[in-house]
Structures are given as C-alpha cells and as structure tokens.
Amino acid sequence: MSPLVQGFRNLPLRWKTIVSMLGVTTISLMLVGAGQLVRERQGFERQMEQRLTLLADVIGLNSTAALAFNDAAAATEVLGALASDEHIMAGALYDTRDLLFARYVRSDIEAPLLDTAPNVGRPTFGGGMAAITRTVKYRGQPVGKVHLLADTTEWSNTLWDYAAVAAVLFVVVLTIGLFVSIWLQRLITGPIIDLAQLARRIGQERDFSRRAVKRSDDEMGVLVDGFNDMLDEIGKGRAEIEHGRDELRKLNEQLERRVVERTAQLEAANKELEAFSYSVSHDLRAPLRSIDGFSRVLLDEHSATLNADGRDSLERVRRAAQRMGMLIDDLLKLARVTRVEPNREEVDLSMLGREIAVALQNQDPDRRAQIVVAPGLRAHADARLLRIALENLLGNAWKFTGQRKEARIELGMTTNSAPVYFVRDNGAGFDMAYANKLFAPFQRLHSVEEFPGTGIGLATVQRIISKHGGRIWAESAVDKGTAFFFTLP
Amino acid sequence: MAFLKKRIKAIAGALLAAVAWALAAHAEAPVLEYQVKASYLYNFARFITWPEDVVARQGNFNLCIVGAERFGSALDALAGERVNGQTIALHRLEQAGQARANRCHLLFIASGRDGTATGGPERGLLTIGETPGFLERGGIINLVEVNGRIRFEIRQPAARQAGLVVSSQLLGLAIQR
Amino acid sequence: MAQKVILLVEDNPDDAELTRRALKSNNISNQVVVARDGVEALDYVFGTGKHVGRDPLETPAITLLDLKLPKLDGLEVLRRIRADERTKFMPIVILTSSKEDQDLINGYRLGCNSYVRKPVDFDEFLVAAKQLGLYWLLLNEPPPM
C-alpha cells in the first residue's frame, strides 16, 4: 500500500470528506478545462483550416492566368493581396513543376519558404504557424500550387489567455468548493464526529449512562440507535459484572472468614494434640512403669515363690513394657518433629556428625567401628532437627553394621549442582524392592531380634528433611551396605 | 481521365520549360519563342469563352495558324489537346481569308502575314497577331515583346464584338494601353 | 544428725510405691513423706492445712516433685517454694515422665536443682534413685540455715 493511501486512511473523517470533495471537484474541473481546451484548439484548427483553404483557393484562382502565362509579376501582385490579412506570414506560388514561381513575405519576418512545393494536403500546425498547400486548378486542370503560412501565435496566446482564465476560475471554484465541502462535511460527518467524540469520552470516563442524540432518520440515525442500544447492553453487562464482583467479594470474605475459623480450629487442634502428646508422655508411661517396676519387685522379692517359667513370663512382661515405652518415646519425637517449624541457621554438619559419633562410640565402647566424617560440611538448617536426623541416620548405620568385623560409617557430601549429603555404611543393607516402605512409620525391614528398633526413626528423618524442603532417598543391597542421600536446599 | 491529366501536365511542363528557356535566351532561338507563343495560344483558348452557339455548332476547336512554319514542331503538341471540352484541330492557313472557310475559333497571324486582315471582328473568331498595329487593324489580341518577355495586349471592345468573353485575369495580365 | 525426710510429691500411688522401693533398695532409709497433690505438698512444706504446726524451716533432705499433679501442678509448687525465703534453697528434683522441652526449661528457670525423667525400665530408675540418694543425701552440702 502506498504511503499516500495509508496517509489518507489515517486522516480524520472531517478531512477525508473535505479532501474527497475537493479531489473530485479538482478532477472534474481539470477534465472540463482540458476538454474545453482541446475543443477550443480543434475549433481553431478547423476554423484556420477553412480560412486558409479559402484564402489559398482564392489566391490560386486569381493566379491561374499568371501561372498559365508565366507572369510572375502578376502572380506576385496577386500574392500581395495577402498583406491585408495580418495573420498570413507568407505565401508562395509554385508552377506545375513544383518550382517556386512567386512569393510574398510579410515585411517584418523571415519566412521559411521552400524552393519546391510542399506536399498538398490539409493544413499542418506547429512552431506557432499553420501551413497549407493546395493545387491551383483552372477549369479542372492544375496550373500550379499555392502555399500559405499563417501566424498562430496570437491564437496560442488566446489559448494561454483561456488557460489563465480557466486557472482563475479553477481557483475560484475550488475555493467555493472548499466552503461547500466544509459545510457538507459538517452536515454529513458532523454527527459521525460527535458520535466518535462521545465514544471517546465514554471510553475515558467509563460513564455508560450517556446517550447519543439522534438528529436524522438516515443511516446515521440507525447508527446512533445501534450505538445507544449497545450502550444499554454494556450498561446492563457492567451492572451484571458489578453484581458478580460483589458476589465474588462476599465469597472472598466468606472464604477469608472460613480460613480464619479453620486456622483457629487448626490451632486449637494443634494445642489439643500438644496436650494429648503431653498426657501421652505422662499418663501412658505411668502404667508401663508400674508394670515393669512391680514385675521387677516380684522378681527381686518373690523369686523364691516363682519357678523358672514364672520368672521367664515376668521377664517377657517387662520387655514388652519397656518396648512400649520406647514406642511411646519415638512417637512423641515424631509428633514433635511434625509440629515444629524449622528455625534455620548455619549448621556445622561435620561437628554434629563427630559429636554423634563420639556418643555412639561411648554407648558401645567394645565395638570396633570406623566413623569417617568429611570435614567442612555445612548446611542452612534447624540445628536441633538436623541433630535428630543425623542421630537417627548414624544410629541406624551403627546398628546395622553391628555384625561387621570392620564396620565403616561415612558422613559426606557430593556436589551435583546442589549439595547432596550422604550417610553410608557397609552394614546389612536391605532389598531395594522394599525401598518404598522405608520411610513409613512403624515399617521395619528387619526383625526386632536381628536389629532392635521401633520403625519410627527414618519416618522422623524424612519429616525433618521434607520440613526443610529437601529430599531423602536410599541406595542399598542386601549385605552390601546402605547409603542414605539427602538434600537441604 | 488520369491519363489525360498526365498528358496535360506533360504538355504544360514542356511549354513552361520552353518559356523558361525563352526567358534565359529568347533572342537566340526563334523556335523557342514560338514554342512559348504556341503555349500562349493554348492558354488564350482556355481563358476566353466562346459564344454558346458557336461552340454548339462545331465539333472541334479549330486552331488556325497563318505562318505556321515559324512554330516548327511546337504546334504538334497542341493537336489533339482538349480545350473547353473540345478537341483542338490544327489548321495551317496560307492567309487570313481562309478562316471562315475553316470555321476557325482562333486565328493566329504571324508577323508580316497580316496584310490580308479581315478588317473587323468576326463573331466567334479570336484573332491573335504579333505585329505592331495589329489591334488597330481589327485584331483582338496582339503578342508583344517587352523586356525580353512575351506579353500581350487585348482590345476588349473588339473581343466583345466577336462575342468573346475574356477572363478578367487574362485582362489583368494584358498590357494596359 | 537426725535423718531428714524425703518429700515425694506424687499423685500416682504406684509411682510413689516404686519410688519408695527404689530408694529403699538403695539403702536410703530416710523417712519418705508422700504428698498426693500440689496443695498437700505446699501444706507440708509451709506447715499449713493438714500439716499445721510443722516447722517450715525443717526442710526435707530432698523433694522429689512430679509435674503433673491434681489441684496445683508441680511447676506452680516449685515457684511458690522458691518464692519463700524459708524454703528458697531447699533441694528440689523434678521427677517426671515428661520429656517436653518446655517442661525442662520451665523447671530449670523456676530453680529446680535437678531434672530426672522417670524411665519405664525400673532398672534404670533404680540406678537413678541410687545416684540421687548418693548425691543429695550424702555428698551435697545443704545451704546454711
């Protein structure tokens, strides 16, 4: 698309109308002017042709005898009559052999007359001159040729005058056209522009209660009606939207209220849970203590009345009670971990690992086990929770390497875009087929006789790691040892 | 007609060539002088109108010459030409008196041969001479040499008496007396 | 020197009995006075209510204080004993099944001398009782009155 067309397309409607009208006016004026000019010219040429033909014929007729009797002086005399016509610049007579016979040239000019006769025919125009050559006949027989040259500059000037007048007229008409088109534009595009302004104002002020004024019953009226209908619809639509928004706000408020209620309920539930834990730790343990304690009393003070079977039974009662105590303790620990939000700080994992290693070694001084803690392990985590996690992991490793002569436990880190910590041992290991059960509470992959434990430790570790947004997984094989990996992002 | 026009053109060309020659060197060649005069005779026939009755009466245009020997072959070109719708018929006469018998339309009397002039204009007869005083002796046109050019004088009353209408142009070319 | 009493504040009779036995089996022969709730414990310490006339300055050799008690809980009992000039320095060992951090912290903040968790395993409790007796009854010099 040409930039001109594009420019016109972006013109305001007002100017589009005016430009169009003026454009049409200009084109018609130019066409009419040009047509008139052509007509004028044709008219002149026809007139000139008639005049020249007549004049040439008259001259020819008057020169027949002179030509016949070879009387150049007489011929020249005849040609001299041309002086009476100021437009004739020159005239010439040629004999039957087309040779110049007699000539006339207006005194003030240098006439381009040829020595031999030009071709006979209709007048030719050019160079401000018109030329004609005719055969001179006497009683049907040619006696020579006559040639006339006429000045057409005056006529050209007339044409120029005509063009000038046309130009003036053009300007006048165009000016009138401009006013007419401005008036017409107001009449036609005025309502459209009003409508456009109204649309813009409504767009800016968002006031959909405004209406366009209908002034006519033409297409413009239809447009105004349509526009107003549309405004009605928009108004309705907006009312609906407002209504919907109110509804939404109410719903939101309800939701927020509900969230607050639920949060309060949750907090209450949490408190209840805490109270429950508290009472569990107190009240559930008390009977166990009694069971164990009095069993011991029985064993100590009434052994004489008990046979071996009775003593064995009492021992079993005591073991069960103690195991239940452990279970309760571990459950409480898990509950506590679940409740607590991690309080992150810089933790020296290496130091933590070494402390736990020492504790483990002290617990079981007879065991030969090598605990290797990589230096400089650091993490941004809750120190207390991390201690619980490491205690469990290292404790597990310690436990499951119990039957190894050369036990080896390792705490370290691999860096693979983000640090991955690991606790690796060369202990009993487990079948990876059961890996999915590893972190579920009370799930055990070994019998209690083999390795004691409650099956809550790894569940606790997993909760601690996931509380930190991390991930824990294991790699193991039976008798090939186990490695636990975890991240602390 | 086309062929006719061609012929006329050829004759006129030849005649004018002769005229041109005569203009350049008229004194040397009397034959050339008569060639011009022959063409004059032909042109006089064209520019003068004969009475209707005379034309209707006769078939040919009888061009009669007294002293035709001076023209040499210049006259031959005229024979058979048409003038005013009639074919030219050449009549070489010994004396002017034979004109009536030959029903002449045009009678040319060479110089020195007009002793036998008719004395007055005769109806339908154009008399042309080349002798000074020819008009006074009743001739209608007399050929005269002026400044090396052959020109002519016309006695209009005589022409009128003979019933001949002379073209005004021809009159315009004639020497004014 | 007349043997001082051991005050055992314990609502669970089984626990009271077991504690008594544990002490006994460790040859701790001091008289054990049992208070069944917080109010009774304070009555004994300050010579009020049921124990009117008892001299508060006659402080027990050691008070074994449970936290979860009827009427008045153990921490409150501890707070009141420590708030009184006469009993400010008397040795109090919290003996409880709670292992809640909050209880531990509060206990120490209110000025308990020791915090012992009652184990389920009676054997362990025996060890603890022995250590308690050794320390508080034989090794520890009580503050001057």
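This text follows the structure it describes.
Residues numbered from 1 in each chain as written. Chains lettered and ligands numbered in written order. Predicted model: local features only at pLDDT ≥ 70, side-chain atom pairs only at ≥ 80, totals over all residues. Heavy atoms only, no water.

(A) Representation of the overall build of chain A in the model. Along chain A, the regular secondary structure elements total nine helices and twelve strands. Radius of gyration (C-alpha) of chain A: 62 Å, far over the 23 Å computed for a compact globule of 489 residues. Dimensions of chain A, computed from C-alpha atoms along their principal axes, come out at roughly 190 × 65 × 35 Å. Taken over 489 residues, chain A has a buried fraction of 37%. Contacts in chain A between residues far apart in sequence, at least 24 positions, make up 61% of those at least 6 positions apart. (Helix = DSSP H or I, 4+ residues; strand = E, 2+ residues; numbered from the N terminus. Rg over C-alpha atoms; globule rule 2.2 N^0.38 Å. Buried < 20%, exposed > 50% of the residue type's maximum accessible area, 1.4 Å probe, protein only. Contact = heavy atoms within 4.5 Å.)

(B) Layout of the sheet that holds strand β3 (residues 82-83) of chain B. All names here are of chain B. Taken in spatial order, the seven strands make up an open sheet running β3-β4-β2-β5-β6-β7-β8, and their pairing is mixed. Looking along the sheet, the strands with just one partner apiece sit at the ends: β3 and β8 (149-154). The pairing of strand β6 (residues 126-129) with strand β7 (residues 141-146) spans two bridges and is classified as parallel. Counted as the bridge partner of Ile-128 is Ile-141 from β7. (Pairing = 2+ DSSP bridges.)

(C) Here's a closer look at the packing of aromatic side chains. Tallied over the entire structure, the rule returns 19 aromatic pairs over all chains. Plain terms: the ring middles of Phe-44 of chain B and Phe-152 of chain B are 4.9 Å apart, the flat faces sit at 90 degrees to each other, and that makes the pair edge-to-face. Of the two residues, Phe-44 of chain B sits in helix α2 (residues 30-47) while Phe-152 of chain B sits in strand β8, which places them 108 residues apart along the sequence. Take Phe-44 of chain B: its relative accessible area is 0%, and that puts it in the buried class. Between Trp-50 of chain B and Phe-61 of chain B, the aromatic rings sit 5.0 Å apart at their centres with planes inclined by 90 degrees, giving edge-to-face as the arrangement. Of the two residues, Trp-50 of chain B sits in the loop between β1 (48-49) and α3 (52-57) while Phe-61 of chain B sits in strand β2 (residues 61-66), which places them eleven residues apart along the sequence. These aromatic residues form a ring-pair network of at least three members: Phe-69 and Tyr-138 of chain A together with Tyr-40, Phe-44, Phe-47 and Phe-152 of chain B. Arg-471 of chain A extends its terminal NZ or CZ atom over the ring of Trp-473 of chain A, reaching a point 4.3 Å from the ring centre. Positioned above the aromatic ring of Tyr-44 of chain C, the side-chain terminus of Arg-54 of chain C is 3.9 Å from the ring centre. (Phe/Tyr/Trp six-rings, centres within 6.5 Å; stacked < 30°, edge-to-face > 60°. Lys NZ or Arg CZ within 6 Å of the ring centre and 35° of its normal.)

(D) Region of interest: the interface of chain A and chain C. At the interface, 23 residues of chain A touch 24 residues of chain C. Approximately 2,100 Å² of surface area, both sides summed, lies buried where chain A meets chain C, with 48% of it carried by carbon and sulfur atoms. Counting across the interface, chain A meets chain C through six salt bridges. The salt bridge partner of Asp-15 of chain C is Arg-289 of chain A, with a shortest N-O separation of 2.5 Å. At the surface where chain A touches chain C, the tally comes to ten residue pairs in polar contact (both at pLDDT 80 or more). Of all elements in the fold, only α5 (219-301) and α6 (308-339) of chain A reach the threshold of two or more residues within the side of chain A that touches chain C. Across the side of chain A that touches chain C, the residue classes break down as six nonpolar, six polar and eleven charged. (Buried area = accessible area lost by both parts, 1.4 Å probe. Salt bridge = Lys/Arg side-chain N within 4 Å of Asp/Glu carboxyl O. Polar contact = N/O pair within 3.5 Å; in protein donor to acceptor, adjacent residues only side chain to side chain. Nonpolar A, V, L, I, M, F, W, Y, C, P; charged D, E, K, R; others polar.)

(E) Quick look at the pairing of β2 of chain B. Residues and elements named next belong to chain B. Among the six residues of β2, six are classified as buried, and the element is accordingly described as predominantly covered. Burial along β2 is two-sided: the face carrying Phe-61, Leu-63 and Ile-65 and the face carrying Asn-62, Cys-64 and Val-66 are both buried. When β2 meets strand β5 (residues 106-109), the two strands line up parallel, connected through four bridges. Across the sheet, Val-66 pairs through a bridge with Ile-109, a residue of β5.

(F) Main features of the arrangement of the chains. The assembly contains two pairs of chains in contact; the pair sharing the most contacts is chains A and C. The two units chain B and chain C remain apart, with a minimum C-alpha distance of 148 Å.

(G) Geometry of the packing of helix α8 (residues 383-400) of chain A against helix α9 (residues 457-467) of chain A. Residue and element names in this part refer to chain A. Contact pair α8 / α9: the axes reach a minimum separation of 9 Å and the direction vectors enclose 140 degrees. Here α9 runs oblique to α8, going by the angle between their axes. Regarding α8 and α9, the two cross each other, and that crossing is left-handed. Where α8 approaches α9, its residues Leu-385, Leu-386, Ile-388, Ala-389, Asn-392, Leu-393 and Asn-396 are matched on the opposing element by Gly-457, Leu-458, Thr-460, Val-461 and Ile-464. When its residues are assigned to classes, the contact of α8 with α9 shows eight nonpolar, four polar and no charged. (Axes fitted to C-alpha atoms, helices over the stretch in contact; angles between N-to-C directions. Parallel < 35°, antiparallel > 145°, perpendicular 65-115°, else oblique. Left-handed = near helix turned anticlockwise from the far one by under 90°.)

(H) Examining α6 of chain A more closely. A rise of 1.5 Å per residue sets the reference length of α6 of chain A, with its 32 residues, at 46 Å; its end C-alpha atoms lie 47 Å apart and thus fit the reference within 8%. Within α6 of chain A the residues assigned to the buried category are Gly-310, Leu-314, Arg-318, Ala-321, Gly-325, Ile-328, Leu-332, Leu-334 and Val-337 of chain A. (Expected span 1.5 Å × (residues − 1).)

(I) Fine view of the nonpolar core. Residues Phe-69 and Leu-93 of chain A together with Phe-44, Phe-108, Leu-126 and Phe-152 of chain B are the most contacted members of the largest nonpolar core, which totals 72 residues. If sequence neighbours within four positions are ignored, Phe-69 of chain A has contacts with Tyr-40, Asn-43, Phe-44, Phe-47, Arg-149, Phe-152, Leu-170 and Leu-173 of chain B. If you look at the next biggest cluster of nonpolar residues, it comprises 37 residues, including Val-347, Ala-381, Ala-389 and Phe-430 of chain A. (Core = buried A, V, L, I, M, F, W, Y, C linked by side-chain atoms within 4.5 Å.)

(J) Fine view of the sheet that holds strand β2 (residues 32-35) of chain C. Residue and element names in this part refer to chain C. Strand order in this open sheet of five strands is β2-β1-β3-β4-β5, and the pairing throughout is parallel. Every interior strand has two partners, whereas the edge strands, β2 and β5 (114-117), have only one. Neighbouring strand axes in the sheet, compared pairwise and without regard to direction, differ in orientation by 20 degrees on average.

(K) Broad picture of the side chain of Asp-382 of chain A. Residues and elements named next belong to chain A. By secondary structure assignment, the location of Asp-382 is in strand β8 (residues 378-382). Despite being buried, Asp-382 has no salt bridge partner; Arg-384 is the closest side chain of opposite charge, sitting 5.1 Å away. Reaching out from Asp-382, the side chain makes a polar contact with the backbone nitrogen of Leu-385 at a distance of 3.1 Å. Aside from chain neighbours lying at most four places away, what touches Asp-382 is Glu-341, Pro-342, Asn-343, Arg-344, Val-347 and His-468. (Lys, Arg positive; Asp, Glu negative; His and termini not counted.)

(L) Structural context of unusual backbone geometry. Backbone geometry at Asp-98 of chain A places phi at a positive 70 degrees, although glycine is not the residue there. Tracing the chain through its elements places Asp-98 of chain A in the loop between β1 (88-94) and β2 (100-105). What makes Asp-98 of chain A partly exposed here is its relative accessible area of 23%. Positive phi outside glycine occurs at Arg-103 of chain B, with the angle close to 50 degrees. If you trace the backbone, Arg-103 of chain B turns up in the loop between β4 (86-93) and β5.

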